[in-house]
Amino acid sequence: MEAPAAGKFVVVGGGIAGVTCAEQLAIHFPSEEILLVTASPVIKAVTNFKQVSKVLEEFDVEEQPSTMLENRFPNIKVIECGVKQLKSEEHCILTEDGVQHVYKKLCLCAGAKPKLIYEGNPYVLGIRDTDSAQEFQKQLTKAKRIMIIGNGGIALELAYEIEGCEVIWAIKDKAIGNTFFDAGAAEFLTSKLITEKPETKIAHKRTRYTTEGKKKEAGTKVNAGNIGSALGPDWHEGLNLKGTKEFSHKVHIETMCEVKNIYLQKDFRLSKKKSLTFPRDHHNQPVTTDEELWPVYVELTNEKIYGCDFIVSATGVTPNIEPFLCGNNFDLGEDGGLKVDDHMHTSLPDIYAAGDICTASWQPSPLWQQMRLWTQARQMGWYAAKCMAAATLGDSIDMDFSFELFAHVTKFFNYKVVLLGKYNAQSLGSDHELMLRCTKGQEYIKVVMQDGRMMGAVLIGETNLEETFENLILNQMNLSSYGEDLLDPNIDIEDYFD
């Protein structure tokens, strides 16, 4: 074993949180070597960053070889190796290659891994990183029907993007996109699911690097212990998500249900159970027994059984904490993340955490909540580096402004989607009211009000209201006197509050 080096700043994880943290540390301490330890040969970099308003930010996520990061920041050294063990009492981490790295401050940004509905089933795919997304694309080219289980961002995007393949989408909620939307917004988006998509595809403007050739072929079974970090916000744009058939969209949604059983073809035939054909439309036509043989069958808790070529498990993620637990007494959150305080510090000395791996355990602003999203990974990584620098230099530091108000901008079904504050009235109880404005196929605006003050908003489409609403939520102005005028399309609300 090599002799351990002197203590350094060490960051674990090559995703957005880890790379952002390492970059900020490199800027704060230009004469010190910053170590970034990542199991993947590519890292995730933030590009085309744009501060849309005080809190809202837009950026692209690009996969790059780690040498590009080292070229941009000569004092960052990337170690392409997994972490075998963290020895917190000795202030060092042991990598898979047997080398010890001594740290003075450590930031854990190892992200999260997909919760697979069934581990070890070759027909169940989890989509988390570029490799698993490409494996999915490969499987889809041979597929006539797939099943999507889950109701988060990846499930939403898949249901919209897949063409030439029947999609049965099983969700445990009443409506799609429950994490992001209420039933009204879901209804607005569902109409887009059943219309033909425009042919024109916007050219994908980013360079893609894959880890192919660097690792052994995974075969058909995607490894549940994926080493790659999470996908970018437009991950599907670089992929041709087309099945074997010649139609555009065919999506059937089964609501309020979960997976009860998964059968391989042989077991299903022995069971003598019957599977259903793809429902042809939404009217109550009699459903017929499917005579076609499928590689895998899914029995849902609503007693329906469908055959398919494979199943996509998109049921969320769990923080990737296992490599760091042995021999270390971390405080963990209810969701399994490493608890961090308002300076991103874990319960162990000199160890910080940021991104999907951590659980925010400070008293949050009444307008903010943690969600494992791109924007928060970047903000947490950036702020963790600031906190590590301040602690090293003996400075005090205030909580970053980005934690004042929850703000996220993304795209679903080709619509721009902006979520602000308590956009789904999270933790507001029944003491709130909603105001809505909806133009079918164009925009959906929902505002959450409490005691005359705006607490949150969902904006779908090109509304141009995000900056105005962000300000109204932040300054907590009493808007009672404006009543319904607040969302009147004939009144230019931006002029009201300039």
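Residues numbered from 1 in each chain as written. Predicted model: local features only at pLDDT ≥ 70, side-chain atom pairs only at ≥ 80, totals over all residues. Heavy atoms only, no water.

Before we go on, may I ask you to explain the environment of G98 in this structure?
Inspection of the secondary structure assignment puts G98 in the loop between strand 7 (92–95) and strand 8 (100–108). Sequence-wise, G98 and C81 are 17 residues apart; in three dimensions their C-alpha atoms are separated by 10.0 Å. (Helix = DSSP H or I, 4+ residues; strand = E, 2+ residues; numbered from the N terminus.)

Would you mind going over helix 4 (residues 153–161) with me for this structure?
Since one α-helical turn is 3.6 residues long, residues separated by three or four positions face the same way. Within helix 4, 8 of the 9 residues are buried, which leaves the element mostly enclosed by the surrounding structure. Listing the buried residues of helix 4 in full gives G153, A155, L156, E157, L158, A159, Y160 and E161. (Buried < 20%, exposed > 50% of the residue type's maximum accessible area, 1.4 Å probe, protein only.)

How should I be thinking about the nonpolar core in this particular structure?
When a protein is soluble and globular, its nonpolar side chains tend to lie buried together. Core analysis: the largest hydrophobic core is formed by 103 residues, its most contacted members being L108, F136, I146, W169, F181, M344 and I460. If you tally residues by element for this core, the top one is helix 8 (residues 374–393), at 9 residues. Residues contacting I146, with those up to four places away along its chain left out, are F136, L140, I162, C165, E166, V167, I168, C308, F310 and V312. Of all hydrophobic cores here, the second largest spans 26 residues; its members include L405, M435, L459 and L479. (Core = buried A, V, L, I, M, F, W, Y, C linked by side-chain atoms within 4.5 Å. Contact = heavy atoms within 4.5 Å.)

Looking at this model, I keep getting lost on the confidence of the model for the chain. Mind explaining?
Interpretation of this model should avoid reading the predicted coordinates in detail wherever pLDDT is low. With 84% of its residues at a pLDDT of at least 70, the chain reaches an overall mean of 83. The lowest-confidence element of the chain is helix 10 (residues 493–496), averaging 65 in pLDDT; the highest-confidence one is strand 20 (residues 351–353), averaging 97. Confidence over residues 1–5 falls short of pLDDT 50; this stretch has 8 contacts with residues more than four positions distant or in other chains. When the criterion is pLDDT under 50, residues 199–226 qualifies, and its contacts beyond four places in sequence or with other chains add up to 48 contacts. (pLDDT = per-residue confidence, 0-100.)

Before we go on, may I ask you to explain helix 1 (residues 16–28) in this structure?
In this model, helix 1 (13 residues) spans 18 Å end to end at C-alpha, consistent with the 18 Å of a helix rising 1.5 Å per residue. Burial analysis of helix 1 places 11 of its 13 residues in the buried class, the great majority of the element. Looking only at helix 1, the buried set comprises I16, A17, G18, V19, T20, C21, A22, E23, Q24, L25 and A26. (Expected span 1.5 Å × (residues − 1).)

For this particular structure, what's the right way to read the packing of aromatic side chains?
The geometry of an aromatic ring pair is captured by two quantities: the separation of the ring centres and the angle between the planes. Taken as a whole, this structure holds 16 aromatic pairs when the rule is applied. Each ring, one from F268 and one from Y297, has its centre 3.8 Å from the other, and the planes form 10 degrees; the classification is stacked. One end of the pair, F268, is in helix 6 (residues 265–271); the other, Y297, is in strand 15 (residues 296–300), and 29 residues separate them in sequence. The class of F268 is buried, set by a relative accessible area of 6%. One aromatic cluster in this structure is built from W362, W368, Y383 and F403. (Phe/Tyr/Trp six-rings, centres within 6.5 Å; stacked < 30°, edge-to-face > 60°.)

Is there a simple way to think about the sheet that holds strand 14 (residues 259–264) in this case?
Each strand in a sheet pairs with another by means of backbone hydrogen bonds, the pair being arranged parallel or else antiparallel. Spatial ordering of the open sheet is given by 14-15-16, a layout of 3 strands whose pairing is antiparallel. Where the open sheet ends on each side, the last strands, each with one partner, are strand 14 and strand 16 (305–308). On average, each strand axis in the sheet is tilted by 20 degrees relative to the strand beside it, whichever way the strands run. (Pairing = 2+ DSSP bridges. Axes fitted to C-alpha atoms, helices over the stretch in contact; angles between N-to-C directions.)

Can you help me understand the pairing of strand 6 (residues 83–87) in this one?
Strand residues, when the strand is regular, have side chains that alternate between the two faces of the sheet. Judged from the 4 bridges that link them, strand 6 and strand 7 form a sheet pairing that is antiparallel. In the sheet register, L86 faces strand 7, and the bridge partner there is I93.

So what exactly am I meant to see when it comes to the environment of T179 here?
Looking at the secondary structure, you find T179 in the loop between strand 12 (166–170) and helix 5 (183–193). On the accessibility criterion, T179 (39% relative accessible area) is partly exposed. In sequence terms T179 and M371 are 192 residues apart; their C-alpha atoms lie 9.5 Å from each other. The residues touching T179, leaving out its near neighbours within four places in the chain, are N151, G152, M371, Y423 and N424.

Teacher, can you tell me more about the pattern of salt bridges here?
Should the charged atoms of two oppositely charged side chains come close, the side chains can pair. Applying the stated rule across the entire model yields 18 salt bridges. When the shortest N-O distance is used, the salt bridge between K44 and E63 registers 2.9 Å. Of this pair, K44 sits in strand 3 (residues 42–51) while E63 is found in strand 4 (residues 57–65), placing the two residues 19 residues apart along the sequence. The pair formed by K44 and E63 is uniform in burial state, with each residue classed as buried. (Salt bridge = Lys/Arg side-chain N within 4 Å of Asp/Glu carboxyl O.)

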